Amino acid sequence: MSDENNKKWFDKKISRRDFLKKAGMVGAGAAIGASGAGAIFANMFNDKANQVVGDEKISFYGQHQSGIATPVQKNVYFAVLDLHSLSKEEIKQMFKDWTDYSQKLMKGELVAPELKNHLVPPIDTGETVGLNPYRLTLTFGISPSFLDKLKLDNKKLDEFKDLPHFPRDQIKDKYKGGDICIQACADDAQVAFHAVRNLVRKGRALITLKWTQAGFLPIGNGKETPRNLFGFKDGTENPKNNNDFKNVVWYDKNNWLKDGTYMIVRRIQMHLETWDRTNLQEQENTFGRYKESGAPFGETDEFATIDINKKGPDGKPILPIDSHVYLAKKAEVKIARRAFSYSNGIDEVSGQFDAGLLFICFQKHPDQFIKIQNSLGNDDKLNEYITHVGTGIFACFGGIKEGEYIGQKLFE
Ligand code: HEM
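What counts and what doesn't
Each chain has its residues counted from 1, following the order in which its sequence is written. Local features in this predicted model are restricted to residues whose pLDDT is 70 or higher, and side-chain atom pairs enter the listing and the counts only when it is 80 or higher, whereas totals over whole chains, interfaces and linings include all residues. As a rule here, side-chain values come from all non-hydrogen atoms in the structure, and water together with hydrogens is ignored. UniProt positions are given in the numbering used here, feature names are shortened, and annotations may be inferred rather than shown by experiment. In this text, helices come from DSSP runs of H or I with a minimum length of four residues, and strands from runs of E with a minimum of two, each type numbered from the N-terminal end. When accessible area is computed with a 1.4 Å probe and restricted to protein chains, residues below 20% of their type maximum are described as buried, those above 50% as exposed, and intermediate ones as partly exposed. Working rule for contacts: check all heavy atoms of both residues, and any pair within 4.5 Å makes them a contact. Per-residue accessibility takes into account occlusion by the displayed protein chains alone, with areas from the Shrake-Rupley method and a 1.4 Å probe. Only protein atoms enter the 1 Å grid, on which a cavity is a set of points fitting a 1.4 Å probe that cannot get out and a pocket is an open set with protein on both sides within 12 Å along at least 5 of 7 lines, lining residues being those with an atom within 4 Å of a point. Grid points are joined across faces, edges and corners, and a volume is the space filled by probe spheres set on the points. Classification used: nonpolar for Ala, Val, Leu, Ile, Met, Phe, Trp, Tyr, Cys and Pro, charged for Asp, Glu, Lys and Arg, polar for all others including Gly. Counted as coordinating are nitrogen, oxygen and sulfur atoms within 2.8 Å of the metal, or 3.2 Å for Na, K and Ca, while water is not included, which may make sites look incomplete. Note on definitions. A residue lies near a molecule or strand when any single heavy atom of the residue is within 4 Å of it. Pairing of N or O atoms within 3.5 Å defines a polar contact, subject to two protein rules: one partner must be a possible hydrogen donor and the other a possible acceptor, and residues neighboring in sequence count only if both atoms are side-chain atoms. In this description, a molecule resides in a pocket or cavity if more than half of its atoms sit within 2 Å of the grid points defining it. Only strands joined by at least two bridges in the DSSP assignment are considered to pair.

The name an unreviewed UniProt entry gives the chain is Deferrochelatase, with Leptotrichia mesophila as the organism. On record in UniProt, under Catalytic activity (unreviewed entry), the comment for the chain is "heme b + 2 H(+) = protoporphyrin IX + Fe(2+)". The UniProt entry for the chain carries this comment under Subcellular location (unreviewed entry): "Cell envelope".

See below:
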């Protein structure tokens with residue numbers, strides 16, 4: 001989708017303030033009575049004057065898969081699956097079926113029309129009937145174990161192996177491994193969930209769910225970098241144009257992964273209660289950026305260029321040398337980050353919020369992530385407030401043309 005279309009889409013969205021104004025909740029003396037606030041609605045779920053239309057579609061076809069360079073949506077439903085069948089032919093057929101389903105889902109269509117026979121379960125589960133696609137994107141990837149299990153030895157790539165253990169990792173078995181990932185992103189959480197649910201249902205004899213995670217970002221006005229659960233703008237330093245994506249993200253060797261990319265996912269618990277007891281200066285020192293503006297220390301513009309060697313009048317580096325941004329930059333490599341916040345109720349052991357960041361990034365070589373994570377390693381001040389509990393590496397295929405199926409080059 002072009003930037004112009006993207007802007008138009010955001011302009012259509014209702015701001016929370018507009019919503020409150022309409023509901024009569026802004027301004028002096030606003031009172032919410034049983035009838036008052038509801039008077040302008042058909043009912044509280046139906047504000048016809050300000051509907052979010054969600055009718056813009058992203059095509060499943062193209063040089064690259066969607067959901068990687070696509071402007072980020074508000075919701076993700078991320079699923080990691082294990083292979084149950086080890087038959088290459090069966091799995092190939094599943095990817096063909098998923099291609100058929102995906103291109104329909106991204107157009108906002110049901111995966112199959114309603115059946116005439118009402119004595120069998122409907123093929124489409126139905127929770128998106130009447131809904132637009134809300135910029136749904138579907139991104140598929142496979143892990144190194146997928147190639148092992150299906151004995152695709154001649155397709156192995158030297159750099160494509162499980163990630164190493166990083167300092168301070170506390171990875172839980174239930175959040176690691178898996179053979180396939182599906183990332184569904186949309187501006188409507190139910191649309192994203194429905195897509196994964198129906199894809200999994202289609203393949204249910206051949207795959208099992210290993211772990212899933214729903215994530216969210218603020219609706220905002222589409223012009224501001226979204227804030228993470230620590231209240232900081234997150235995603236500022238990222239590829240900005242096709243050339244950046246070419247240099248940082250798209251795999252360009254001539255094999256089955258051409259025009260695809262490596263996805264790395266980390267489920268990172270954020271210790272909100274500890275963070276909330278930390279003073280603002282320490283919070284800002286943790287990132288080397290100001291909380292309100294997002295600008296790096298010594299600057300006023302969020303997007304100002306950062307020189308980590310720049311020193312202040314006291315001769316010390318302007319960015320604290322244990323800050324997240326200082327150490328990430330010190331690695332001297334780039335990645336494309338496309339992370340979402342999550343909130344899963346309460347941690348059973350600590351009784352605190354089980355919340356954090358579903359960190360997802362894309363790069364043409366896994367070493368880009370590995371170098372940054374090693375640089376953050378033991379030194380990142382942020383480590384006092386986070387714990388990495390889940391991990392995964394997936395090769396996301398290149399895009400396809402109509403008539404082809406996702407992952408085709410791997411199975412040929
Ligand atoms: C919960 C965990 C994390 C939080 C809350 C977090 C938050 C942030 C924030 C607020 C920024 C500054 C604004 C921006 O440029 O987006 C940033 C920058 C960055 N983060 Fe993280 N981050 C986390 C984990 C990670 C991980 C695991 C990596 C990769 C190994 C990473 C890599 C980066 C990079 C490369 C930058 C840009 C640095 C630059 O300015 O060049 N972050 N992060």
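So much for the structure itself; the text now carries on.
Draft legend 1. A look at the overall build of the chain. Within the chain, the regular secondary structure consists of 11 helices and 9 strands. Within the chain, buried positions represent 50% of all 412 residues. Contacts spanning at least 24 positions in sequence make up 79% of the contacts within the chain whose residues lie at least 6 apart. For the chain, the exposed surface amounts to about 20,700 Å²; the carbon and sulfur share of it is 50%.

Draft legend 2. Representation of empty space enclosed by the protein in the model. Counted by the stated rule, this structure contains 2 cavities of 30 Å³ or more. Its volume calculated, the largest cavity comes out at about 70 Å³. In terms of lining residues, the largest cavity is bounded by Leu105, Gly108, Glu109, Thr128, Leu131, Asn132, Pro133, Leu136, Val191 and His194. For the lining of the largest cavity, the per-class residue count stands at 5 nonpolar, 4 polar and 1 charged. The space that makes up the second largest cavity amounts to roughly 60 Å³. The wall of the second largest cavity is formed by Pro167, Arg168, Asp169, Gln373, Gly377, Asn383, Ile386, Thr387 and His388. Of the residues that constitute the lining of the second largest cavity, the class distribution is 2 nonpolar, 5 polar and 2 charged.

Draft legend 3. Region of interest: the layout of surface pockets. One number sums up the size of the second largest pocket: a volume of about 940 Å³. Forming the boundary of the second largest pocket are 40 residues, of which His324, Val325, Ala328, Arg337 and Ile372 lie nearest the centre. Among the elements that line the lining of the second largest pocket, the one with the most residues is helix H9 (residues 324-330), at 5 residues. Tallied by class, the residues present in the lining of the second largest pocket amount to 19 nonpolar, 9 polar and 12 charged.

Draft legend 4. Structural detail: the coordination of the iron atom of the ligand. Of all protein atoms, just one serves as a donor to the iron atom of the ligand, and that atom is His324 (NE2), at 2.1 Å. In this fold, His324 is placed in helix H9.

Draft legend 5. Fine view of unusual backbone geometry. Positive phi, close to 70 degrees, is recorded for Arg168, a residue that is not glycine. Considering the arrangement of structural elements, one finds Arg168 in the loop between helix H4 (144-149) and strand E3 (180-186).

Draft legend 6. Up close: the site of the ligand. Taken together, 26 residues surround the ligand, and among them Gly235, Thr236, His324, Lys329 and Arg337 come closest. Within the backbone of Gly235, a nitrogen or oxygen atom sits 2.5 Å from an oxygen atom of the ligand. Contact between the ligand and Lys329: an oxygen atom at 2.7 Å from a side-chain N or O atom of the residue. In this structure the site holding the ligand corresponds to the second largest pocket. Broken down by secondary-structure element, the contributors of at least two residues to the shell around the ligand are strand E5 (261-270), H9, strand E8 (353-363), helix H10 (366-376) and strand E9 (386-396). When grouped by side-chain class, the residues that make up the shell around the ligand number 14 nonpolar, 6 polar and 6 charged.

Draft legend 7. Geometry of the environment of Thr139. Looking at where Thr139 falls in the secondary structure, it is placed in strand E2 (residues 137-142). Since its relative accessible area comes to 0%, Thr139 is described here as buried. Placed 46 residues apart in sequence, Thr139 and Cys185 show a C-alpha to C-alpha distance of 8.6 Å. Each residue touching Thr139, except ones within four places of it in the same chain, is listed here: Gln65, Ser66, Gly67, Ile68, Cys181, Ile182, Gln183 and Cys396. At 2.7 Å, the side chain of Thr139 and the backbone oxygen of Ser66 are in polar contact.

Draft legend 8. Quick look at the pairing of E2. A large share of E2 lies buried, amounting to 6 of its 6 residues. What you see with E2 is no split at all: Thr137, Thr139 and Gly141 on one side and Leu138, Phe140 and Ile142 on the other are buried throughout. With 2 bridges connecting them, E2 and E9 associate as antiparallel partners. Counterpart to Gly141 in the pairing with E9 is Cys396.

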